[in-house]
Amino acid sequence: MLPRDLKAEQFAGYPPEARELAVAHLSTLQQLPLSFLPSLLREVIEYDYKFPVERQAISRELAKLSSLSPIQMKEWFQAFSQFSLSSKLEEFNWVSQPAQFVEQLSAYLWSTHQLDPFRKAAIEYGDRLRSAVPQEPPATSRLGIAIIGQGLASYDAPLFRNLREHGTYFERVKPDGGVELLLKSVAARAKAHPVPYGHWYIEGGQVADHSPLLTCVSYQALEPVRAALLRNIQAEIKRPGMGPEELRTHLAEMSPADLGVDKSGDPVLDRFQIKLFTEASGTQIFSTTFAQWAAREALRRAQPLTLLVRFGPRQRQRPMNELLSNDNSNPELDLAGSLMDADMGAYYNWINQQRLPGSEHSSFLVWFEGHGQALAIGPSLARGTASNSIADLGELLSWAVG
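Owing to the predicted nature of the structure, the values given are computational and were not obtained by experimental measurement.

Chemist: Quick question: what am I supposed to make of the packing of aromatic side chains here?
Modeler: In this description, a pair of aromatic rings is defined by centroid distance and the angle of the planes. Tallied over the entire structure, the rule returns 21 aromatic pairs. Measuring from centroid to centroid gives 6.1 Å for F92 and F101, while their planes differ by 55°, and the two rings are tilted. Overall, F101 belongs to the buried group, its relative accessible area being 0%. Three or more aromatic residues link up through ring pairs in this structure, and these residues are F36, W76, F77, F80, F83, F118 and Y125. Its end group placed over the ring of Y219, R226 keeps NZ or CZ at 3.7 Å from the ring centre. For the cation-ring pair, R271 lies above Y49, with the distance from its terminal atom to the ring centre recorded as 3.9 Å.

Below is the structure:
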């Protein structure tokens, strides 16, 4: 089947809001080339479980495409229309399984030496869409916070080396009550700017007391889900013919219910948390990897105004079969290795925050938990400098935000 043959009833299996959106733009979808449309439907079919920023982006994209004249539509998608696809792809049920189609399309384009021109066409489309439908600025300046080194008594090597050129390094910070102070500051921002999924607390260790206004994701709280997933993976890899690609497809198709998640929870957040484990490597067994990936995905998808990530200590490296078995209830912790992971993770958090609208006004703070070392980045702070000022974390935040 080709896009021109699409009918409204073929979206019957979509969740309610996704189905309504697809049917409302049916005439536009019918005009899109098969090499492009399933990629769009992959986002549409998940519409009910998207964050508000993502929903807005999908709706605005469809509205823009629907406003194009026939000449403009041809100009926008001329490159996609030139790709040669196999009859197997045309016969695939790409309406109901757009993600699986995209996987097969990628393999086919690679095997037929069309992947590079396809990538070029996709980049050009993205640039054209961003120009035609620019992102809106945030309601207030963004703030990112990373707390690293939990549980480590001392560390002599330099910290924040990748971030020092971008901000001010402080070595005489008052550490007392630092976690509580930072969480209260984040809660105050959430109260002042009440945006759905706009203020996050990601915890890689034991969750601290925090405001219910914060969207909280915790590695330890998700232990039952991780354990269920690891059991599932162990069972799947023992099946004949189960290879890496087949396992990846299997994981991508899993839902919260498959891993015992209570249906009474937040369906958007539940789906987000499941994807942290089914679409990434290492998040199931290393808390630092989980915290880093959760922060990356929260920034990419929800685009929060505030994001606090507290990295917890991860278990020490062991053979992969042992790690996947999840049979060690008291794993040996690698505190120094966790600090190094988190130090680099904080740097990645700042990079990902800078990719969002309004980055020129954003602020960032990283702190060695329980110690006097911190680094702050903000519009009013000097870059590449060090300060001997004695200050608490609240003062550092005020200086960074300006």
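Chemist: Help me out: how do you make sense of helix α3 (residues 37-44) in this one?
Modeler: Counting along an α-helix, one turn takes 3.6 residues, and residues three or four places apart therefore face a common direction. Three or more residues of α3 are buried, namely L37, P38, L40, L41 and V44. For α3, the angular spread of the buried residues around the axis is 155°, confining them to a single face. Contact partners of the buried residues in α3: α1 (16-24), α2 (26-29), α4 (52-67) and α7 (98-111).

Chemist: Please explain the environment of A153 as it appears in this structure.
Modeler: Relative to the assigned elements, A153 resides in the loop between β1 (143-148) and β2 (168-170). Look at A153 and you get exposed, because its relative accessible area is 67%. Here the alpha-carbon distance between A153 and Y108, two residues 45 residues apart in the chain, equals 53 Å.

Chemist: Teacher, can you tell me more about the pattern of salt bridges here?
Modeler: Side chains that carry opposite charge are capable of pairing whenever their charged atoms lie near each other. Summed over the entire model, instances satisfying the criterion amount to 19 salt bridges. Here K50 makes a salt bridge to E54, at a shortest N to O gap of 4.0 Å. The pair K50 / E54 is uniform in exposure class, with both members buried. Linked through salt bridges whose partners overlap, the residues forming this network are R42, E43, K50, E54 and R301.

Chemist: Looking at this structure, I do not really get the side chain of T168. What am I missing?
Modeler: The residue T168 is located in strand β2 in this model. Looking at T168, its side chain comes within polar contact range of the main-chain oxygen of A382, at 2.7 Å. A distance of 3.3 Å separates the side chain of T168 from the side chain of T385, its partner in a polar contact. Beyond its immediate chain neighbours, meaning those up to four positions away, T168 contacts A374, L375, A376, L381, A382, T385, A386 and S387.

Chemist: Would you mind going over the sheet that holds strand β7 (residues 363-368) with me for this structure?
Modeler: The pairing of strands in a sheet happens through backbone hydrogen bonds and is either parallel or antiparallel. Here eight strands make up an open sheet; going across it, the order is β5-β4-β6-β1-β7-β8-β2-β9 and the pairing mixed. At either end of the open sheet lies a strand with only one pairing partner, and these are β5 (215-218) and β9 (385-387). Neighbour to neighbour, the strand axes of the sheet diverge by 15° on average, direction disregarded. Strand direction decides the pairing type here: strand β4 (residues 199-203) and strand β6 (residues 306-310), joined by five bridges, are parallel. Residue pairing for β6: W200 is matched across the bridge by L307.

Chemist: Can you walk me through the nonpolar core in this structure?
Modeler: Grouped burial of nonpolar side chains is what soluble globular proteins tend to show. Of all hydrophobic cores here, the largest spans 50 residues; its most connected members are F160, W200, I202, V217, F272, F364 and V366. Excluding its chain neighbours within four sequence positions, the residues that come into contact with V217 are W200, Y201, I202, E203, L222, L269, F272, Q273, L276 and F290. If you look at the next biggest cluster of nonpolar residues, it comprises 39 residues, including L26, L29, Y47 and W76.

Chemist: In this structure, what is going on with the pairing of strand β8 (residues 374-377)? I would like to understand it.
Modeler: If a strand is regular, its side chains alternate between the two faces of the sheet. Alternating residues of β8 divide into A374 and A376 and L375 and I377, and every residue in both groups is buried. As defined by bridge partners, β2 adjoins β8 across three bridges and the pair is classed as antiparallel. Residue pairing across strands places F170 opposite A374, the latter belonging to β8. Two elements, β7 and β8, share four bridges in a ladder whose sense is antiparallel. Counterpart to V366 in the pairing with β8 is L375. What sits between the antiparallel neighbours β7 and β8 is a turn of five residues, in which G370 has the positive phi angle 80°.

Chemist: What's the story with the side chain of Q315 in this structure? I'm lost.
Modeler: For Q315, the location among the structural elements is in the loop between β6 and α14 (320-325). In this structure Q315 comes out as buried when scored by relative accessible area, which is 13%. Here I285 takes part through its backbone oxygen, which lies 2.7 Å from a polar atom of the side chain of Q315.

Chemist: Help me out: how do you make sense of helix α13 (residues 287-302) in this one?
Modeler: With 16 residues, α13 extends 21 Å from end C-alpha to end C-alpha; this agrees with the ideal 22 Å at 1.5 Å per step. Of all 16 residues in α13, 12 are buried, a share of seventy percent or more. Residues of α13 that are buried: S287, T288, F290, A291, Q292, A294, A295, E297, A298, L299, R301 and A302. As for α13, its buried residues are in contact with α4, β4, β5, α12 (267-278), β6 and α15 (335-354). Just beyond α13, the residue with positive phi is Q303, at close to 50°.

Chemist: What am I meant to see in the pairing of β7 here?
Modeler: Burial analysis of β7 places six of its six residues in the buried class, the great majority of the element. Here β7 shows no split at all, with S363, L365 and W367 on one side and F364, V366 and F368 on the other all buried.

Chemist: Please explain unusual backbone geometry as it appears in this structure.
Modeler: Phi is mostly negative for residues that are not glycine, and the peptide bonds are mostly trans. We note that H113 has phi near 60°; this positive angle belongs to a residue other than glycine. Given the relative accessible area of 72%, H113 is considered exposed. Residues other than glycine seldom take positive phi values, yet F160 does so here, at roughly 60°. Secondary-structure assignment places F160 in the loop between β1 and β2.

Conventions adopted
Residues numbered from 1 in each chain as written. Predicted model: local features only at pLDDT ≥ 70, side-chain atom pairs only at ≥ 80, totals over all residues. Heavy atoms only, no water. Phe/Tyr/Trp six-rings, centres within 6.5 Å; stacked < 30°, edge-to-face > 60°. Buried < 20%, exposed > 50% of the residue type's maximum accessible area, 1.4 Å probe, protein only. Lys NZ or Arg CZ within 6 Å of the ring centre and 35° of its normal. Helix = DSSP H or I, 4+ residues; strand = E, 2+ residues; numbered from the N terminus. Arc of directions from axis to C-beta. Contact = heavy atoms within 4.5 Å. Salt bridge = Lys/Arg side-chain N within 4 Å of Asp/Glu carboxyl O. Polar contact = N/O pair within 3.5 Å; in protein donor to acceptor, adjacent residues only side chain to side chain. Pairing = 2+ DSSP bridges. Axes fitted to C-alpha atoms, helices over the stretch in contact; angles between N-to-C directions. Core = buried A, V, L, I, M, F, W, Y, C linked by side-chain atoms within 4.5 Å. Expected span 1.5 Å × (residues − 1).

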